[in-house]
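Given next are the chains, with one letter for each unit.
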Amino acid sequence: LCIRLDGVALALKMVAARSATLGLGEVDRQLAERMAELSTGWGDSPGRHRSLAASLEWSYRLLAEGERRALRALGVFQGSFTLDGVRAVVGEHADDHLSELIRRSLITRDSGDRTRYRLLETTRHFALQELARQNEEQNARARLADHVLSRFKESLARWELIPDATWVATYRPDTDNLRSALDWARSNADWVLFVGLAAASYRYWMEAQLGGEGLRFAEAAVAFADDADPSLRARLVLAVGDLARANSQCLPWAV
């Protein structure tokens, strides 16, 4: 629960109060489904302290419109993101918006890599709700997918230039963003994007010991590769072949 709530003191106080009557297991289940609805019956508290949603709403309303738009868009990231990712998803004035959101503690630097940033999970849930409410989710997810595609194309260009361990460590934090982009492209029937992502990421899946997952994406992409550029189709065929060969060797990660 502490990890899920990012150690936010107000949220932990609310959980403690609710757990006294419902039990930790039930509170944990409720948070998984409706985190922003976490609340308490403290009648003598300011309104913004009576529920997690009210607290986030209060902080959100203090932002300028551009900062609100940036916060909403950044909710599409799974886990951490780079400054280039912020610029790709937020667009105009991204650096300024990022600085202000950090100043207001709505975005933090990633504890494991100070060149990356993240939203607290509670804030991310709120941002995604606002993103959907403003009908901006499709555009933000499309921007994220394009950014992920560029990042993993870059990974292929750098693969033979830096040590393997360093290479994997560089791109591993974007694993969940890659999965999200692939799932979004497939659910929106953007087959050229889906094929491009599958072809650009195959080496990462192999080196990160996730070859089975990469093969499933690559094989699924083959069925939709007819509309892709011939060179992209060729790269996808190469990806399927390399992944299948590696999986056939029954390595521990070939699942």
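Everything below is about the structure printed above this text.
This is a predicted model, so every value here is computed, not measured.

About the criteria used
Residues numbered from 1 in each chain as written. Predicted model: local features only at pLDDT ≥ 70, side-chain atom pairs only at ≥ 80, totals over all residues. Heavy atoms only, no water. Core = buried A, V, L, I, M, F, W, Y, C linked by side-chain atoms within 4.5 Å. Buried < 20%, exposed > 50% of the residue type's maximum accessible area, 1.4 Å probe, protein only. Helix = DSSP H or I, 4+ residues; strand = E, 2+ residues; numbered from the N terminus. Contact = heavy atoms within 4.5 Å. Axes fitted to C-alpha atoms, helices over the stretch in contact; angles between N-to-C directions. Parallel < 35°, antiparallel > 145°, perpendicular 65-115°, else oblique. Left-handed = near helix turned anticlockwise from the far one by under 90°. Nonpolar A, V, L, I, M, F, W, Y, C, P; charged D, E, K, R; others polar. Salt bridge = Lys/Arg side-chain N within 4 Å of Asp/Glu carboxyl O.

Undergrad: Just checking my understanding: could you explain the nonpolar core for this structure?
TA: Judged by nonpolar contacts, the single largest core of 62 residues is most densely connected at Leu74 and Leu197. A total of 11 residues in this core trace back to one element, the largest contributor, which is helix H11 (residues 191–207). Not counting the four nearest positions on each side in its chain, Leu197 is found in contact with Ala145, Val148, Leu149, Leu178, Ala181, Leu182 and Ala185.

Undergrad: How should the packing of helix H10 (residues 175–187) against helix H12 (residues 211–222) be read in this particular structure?
TA: Two numbers describe a pair of packed helices, the interaxial angle and the distance between the axes. Between H10 and H12, the shortest axis-to-axis distance is 12 Å and the interhelical angle comes to 25°. In terms of axis orientation, H10 runs roughly parallel to H12. Two packed elements cross with a definite hand, and for H10 against H12 that hand is left-handed. Contact with H10, carried on its side by Arg179, Leu182, Asp183 and Arg186, involves Glu213, Phe217 and Ala220 of H12 and no other residues of that element. Looking at the contact of H10 with H12 residue by residue, the class counts come to three nonpolar, no polar and four charged.

Undergrad: Looking at this model, I keep getting lost on the environment of Leu101. Mind explaining?
TA: Position of Leu101 relative to the elements: it lies in helix H6 (residues 94–103). Classification of Leu101 as buried rests on a relative accessible area of 0%. Sequence separation of Leu101 and Arg68 is 33 residues, and the distance between their C-alpha atoms is 9.1 Å.

Undergrad: Is there a simple way to think about the side chain of Ser155 in this case?
TA: Within the fold, Ser155 resides in helix H8 (residues 137–158). Excluding anything up to four places from it in sequence, Ser155 contacts Trp167, Tyr171 and Ala200.

Undergrad: Help me understand unusual backbone geometry, please; the structure alone is not making it clear to me.
TA: Positioned with a positive phi, Asn135 is a non-glycine residue whose angle comes to about 55°. You can see Asn135 is positioned in the loop between helix H7 (121–133) and H8. Classification of Asn135 by relative accessible area gives exposed; the value is 73%. Although it is not a glycine, Gln209 sits at a positive phi angle of roughly 65°. Inspection of the secondary structure puts Gln209 in the loop between H11 and H12.

Undergrad: Just to check I follow, could you spell out the pattern of salt bridges for this structure?
TA: Inspection of every chain in the model, using the stated rule, returns 22 salt bridges. A salt bridge links Glu57 to Arg61, with the nearest nitrogen and oxygen atoms 2.4 Å apart. Placement of both Glu57 and Arg61 in helix H3 (residues 52–61) is noted, with a separation of four residues, approximately one turn of the helix. With relative accessibility at 24%, the residue Glu57 sits in the partly exposed group. The partner of Arg186 in a salt bridge is Asp183, with the nearest N and O atoms 3.6 Å apart. Here the residue Arg186 and the residue Asp183 both occupy positions in helix H10, the gap between them amounting to three residues, near one helical turn. Assessed through its relative accessible area of 35%, Arg186 is described here as partly exposed. Classification of Asp183 by relative accessible area gives partly exposed; the value is 40%.

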